[in-house]
Amino acid sequence: MVLLPGPGQPGDPSLARHSGPSRRTRLIASAVGAAVLFGGGGLLVRQYNDRPPRADDIAYESGYLYSNRIRQGDPTGELVEKLLSGECVLLERDGYGGRNATFNPALWIEGCLDGAAGRPSREQGLVG
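No experiment lies behind these values; they were computed from the predicted model shown. (Residues numbered from 1 in each chain as written. Predicted model: local features only at pLDDT ≥ 70, side-chain atom pairs only at ≥ 80, totals over all residues. Heavy atoms only, no water.)

A. Expanded view of the overall build of the chain. When helices and strands are counted, the chain shows five helices and zero strands. Start at the N end of the chain and walk to the C end: the helices and strands fall as α-α-α-α-α. Counting the 128 residues in the chain, one finds 23% classified as buried. Across the chain, the fraction of contacts at a sequence separation of at least 24, relative to all contacts at a separation of at least 6, is 70%. Carbon and sulfur atoms provide 58% of the accessible area of the chain, an area that totals close to 9,600 Å². (Helix = DSSP H or I, 4+ residues; strand = E, 2+ residues; numbered from the N terminus. Buried < 20%, exposed > 50% of the residue type's maximum accessible area, 1.4 Å probe, protein only. Contact = heavy atoms within 4.5 Å. Areas by Shrake-Rupley, 256 points an atom, 1.4 Å probe, with all protein chains shown as cover.)

Structure, rendered in structure tokens:
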């Protein structure tokens, strides 16, 4: 009499193989995943387009840093007086604020004035 190995015993071929999903199932799942990723990406592009998610904060901080650097490098204080008397508006109008100023020009000017006056940034110390 010959004894064949039963289920769960050494030599049983069912222990060596696992049957996974079929190729068809994997292809369908991959296609659905790709469609979801591309659809989500399309929604993000439509929502923000060229404008980043926190564009207002970027505009303010850009103006703040611009004038803060001028204030720190101005030993006589003449440039700071010019900034506070309206030079920030002229700089933004002439394009010195760069692309970040185009996100929200009014906030760029507000940040420029805050930096020139030596006030702390409005976001300083906040987690956000």
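B. How the structure looks around the nonpolar core. Leu83, Cys88, Leu91, Ala101, Trp108, Ile109, Cys112 and Ala116 form the largest nonpolar core, which has eight residues in total. Taken together, the elements giving at least two residues each to this core come down to helix H3 (78-93) and helix H5 (105-117). Contact partners of alanine 116, with chain neighbours within four places excluded, come to Ser67, Arg71, Val80, Leu83 and Leu84. The next biggest cluster of nonpolar side chains, apart from the first, holds six residues, and it includes Ala59, Tyr60, Phe103 and Leu107. (Core = buried A, V, L, I, M, F, W, Y, C linked by side-chain atoms within 4.5 Å.)

C. Expanded view of the pattern of salt bridges. Inspection of every chain in the model, using the stated rule, returns three salt bridges. Note that aspartate 94 is salt-bridged to arginine 93, the shortest N-O span being 3.6 Å. (Salt bridge = Lys/Arg side-chain N within 4 Å of Asp/Glu carboxyl O.)

D. Broad picture of H5. Counted at 1.5 Å a residue, the expected span for H5 with its 13 residues is 18 Å, and the 18 Å between its end C-alpha atoms agrees. Taken as a whole, H5 has its buried residues at Leu107, Trp108, Ile109, Gly111, Cys112, Asp114, Gly115 and Ala116. Its buried side turned inward, H5 meets helix H2 (55-72), H3 and helix H4 (98-103). Following H5 by one or two positions, glycine 118 has its phi on the positive side, about 85 degrees. (Expected span 1.5 Å × (residues − 1).)

E. A look at the environment of aspartate 50. Residue position: aspartate 50 is located in the loop between helix H1 (23-48) and H2. Classification of aspartate 50 by relative accessible area gives exposed; the value is 59%. Measuring from C-alpha to C-alpha, the distance between aspartate 50 and phenylalanine 103 comes to 9.4 Å, with 53 residues separating the pair along the chain. Not counting residues up to four positions away in its chain, the partners in contact with aspartate 50 are Arg99 and Phe103.

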